[in-house]
Amino acid sequence: MSIDYTTFNSRSMLDYSSIDDDLDAVCFLKDSSNFRPFSQGLKEIIIKKGFKGNPDDNNETSGYLISKLREINSDIKNETVYSWFSGKHRPKIEAGSRMRIYEICFALNLSFEETVWFFNHVYFDRCFNCHNIEEAVFYYSFLHGTQYQEAVNIINTINNAPFKKETLIDETVHNYTQFIRDRISGFNSVNELQEFLIDNKANFNCWNNSALAAIKKMLLEITGDESSKAIVDNLKRNLTRKMNSNKELKKLDEINISETDIDKCGLLIKEILMDAKTSNVSASEYILEAISGKNILKNTFVLDRLLSTITGIPKNINIPYVIKNNFPSKKILSDVLDESKVTVSKSYDSIRKTIVLLDFYVFWVRIKLGITDISSYSTEDLFAIYRDEADTLLYECGYEPLYAGNPYDWIFLCSAKNEDSLTFFRRCIDGLLSDD
C-alpha cells in the first residue's frame, strides 16, 4: 500500500509531546520504513510519468528508467539504476550525484514542480542553485520545458563565450541568488537567458554568501565575541581559586559575575549560568565542569554543548543515511565557515544542516532564557512561529523549507512540538548516538 509520507511524518510528530518520549522518538527515527526510501520515490515518480508495469518488479522499473535515460544519452550505468530500485544503494547527497538527479528529471520529462518535489522529498537536497551557471540554465529549462540536450548546448555556449563586460555583484542586492532566480523567471527566450548569464559570468564564480553570513551571525550570538571570552576567562580564574580554597559556592548570586557581564556573554554561557541554578552540584562545580579548559569561541565548544559530539554520527550507528550524512561536526563546521571553500561549495546539505541546527538552538534558548517573551503564546503558536522563521531564513539563504519527511528535519520539528524543546532535542541526539 502506498504511504503519503508527508502526511504520515507530519502527524507522527504529535506522538512525542512529552519530555519522556525521547526514546520512542529515537526508535521512530531508526526505523527506515518511516521515511520515504529513494527507491520508493523513484517508483512513485515513474508511475506518475507513465510506467504501466509492476512497480514491485525491479527489472521492469529499472528497465523503464534506463530506457528513458538512454534517450537523453545519459551514461548512468544499468547496474546503478537497478541498485536504486532494489534499495541496495541510493545516490549520495553530495556534489557528484546532483547531475544524475537532474538527468533523471530530464529523462522522465518532469515539470518544474515535480523536479523540485523530487529533489526535496526524495533526494533530500537543494534544487536549483541559480548562482551556478549549469543549474541556472536547468532552472530556466524546467520552467519552459526545454529538453536536456538543448540545456547542455546552452550551457556550453555560455561557458565558451568571452566576457562581454566585467560586471560585479550589486552590493545593494541582499540575496543575489534570489535576484538571479527572479530575473530568469521573467525570461521568455533562450537568447535573453544566454545574454544575461554571459554578461554576468563574473558573478557566477562564488555563491552561498547569504548562508555564510547567516551562520556567522548566529554563531556570534551563540558564543559571544572576544570581550565575552575575557569575561568567561576571568570567571574561570575566580571559580578555580575559590574551589581550590574549598569555599563551596551554593548559589549563583555568590559567583562574582555581574548582570552587565552576563548580558555581554553569548547564549551558551547564559544557558550554562541559568542551568547552574538548578544543578545537583554546586553552581561553581557545574560552571567549571562546563567551561574549564575550553575556549568558548571555538566550534568544538558549540558542538559539544548542542550535540554532545564534535565528530558527527559514526558510520556504524544504525540510523538513516540522510541524518548521518553531513551531520554537523568539527570538520563540517570548519568547511562551512571557510570562505574560500564554502563560496564555491556544492555541499548544500552540510550548509543547510548547519543553518537548521544553529537556528533551532538560537530560537529555543532565547525562550528558555526569557529573552523572548512567550507569555501570550501557546505551544502551538510557538511551533508555528519557529517553523515560519526557520523557513524564512532558509529561503533567504537559498534553501528549501523544513520538511517532516526528511528525517534530519523531523528531529527539529518534532522537538519544536515538545513541551521542553531543547532538552528533548538533546536527549534525541544522545539516543541517536547510542547503538543500543
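Residues numbered from 1 in each chain as written. Predicted model: local features only at pLDDT ≥ 70, side-chain atom pairs only at ≥ 80, totals over all residues. Heavy atoms only, no water.

**What about the packing of helix α17 (residues 299-307) against helix α19 (residues 330-337)?**
The test is simple: Helix axes use the C-alpha atoms of the stretch in contact, all axes being lines fitted to C-alpha atoms, and the angles between their N-to-C directions lie in the range 0 to 180 degrees. Numbering of helices and strands runs from the N terminus; a helix is a DSSP stretch of H or I covering at least four residues, while a strand is a stretch of E covering at least two. Angle categories are assigned with fixed cut-offs, so that under 35 degrees is roughly parallel, over 145 is roughly antiparallel, 65 to 115 is roughly perpendicular, and the rest are oblique. Handedness of each helix crossing follows the sense of rotation of the near helix against the far helix: counterclockwise by less than a right angle gives left-handed, clockwise gives right-handed. Pairs of residues are marked as contacts when any of their non-hydrogen atoms sit within 4.5 Å. Just so you know the grouping, Ala, Val, Leu, Ile, Met, Phe, Trp, Tyr, Cys and Pro go in nonpolar, Asp, Glu, Lys and Arg go in charged, and all remaining residues, Gly too, go in polar.
Remark: α17 packs on α19, axes separated minimally by 10 Å, with the N-to-C direction vectors making an angle of 130°. Compared by their axis directions, α17 and α19 come out oblique. Seen from above, α17 lies across α19 with right-handed handedness. Mapping the contact onto sequence places Asn299, Thr300 and Leu303 in α17 and Lys330, Leu333, Ser334 and Leu337 in α19. Counted by class, the contact of α17 with α19 contains three nonpolar, three polar and one charged residues.

**Some remarks on helix α15 (residues 267-276)**
Condition: Accessible area is worked out with a 1.4 Å probe on protein chains only. A residue is then buried under 20% of its type maximum, exposed over 50%, and partly exposed in between.
Most of α15 sits inside the fold, with nine of its 10 residues counted as buried. Turning to α15, its buried residues are Leu267, Leu268, Ile269, Lys270, Glu271, Ile272, Leu273, Asp275 and Ala276.

**Thoughts on empty space enclosed by the protein**
The test is simple: Using only the protein atoms, space was sampled on a 1 Å grid; points where a 1.4 Å probe fits but cannot get out form cavities, open sets with protein on both sides within 12 Å along at least five of seven lines form pockets, and lining residues are those with an atom within 4 Å of a point. Grid points are joined across faces, edges and corners, and a volume is the space filled by probe spheres set on the points.
Taken as a whole and judged by the stated rule, the model has four cavities of 30 Å³ or more. Taken as a whole, the largest cavity spans an internal volume of roughly 140 Å³. Along the wall of the largest cavity there are 16 residues; nearest its centre are Phe124, Asp125, Arg352, Asn406 and Asp409. At the level of secondary structure, the elements contributing two or more residues to the lining of the largest cavity comprise α21 (348-368) and α23 (407-416). Looking at the lining of the largest cavity, the element that brings in the most residues is α21, giving four residues. Here the residues of the lining of the largest cavity sort into seven nonpolar, two polar and seven charged.

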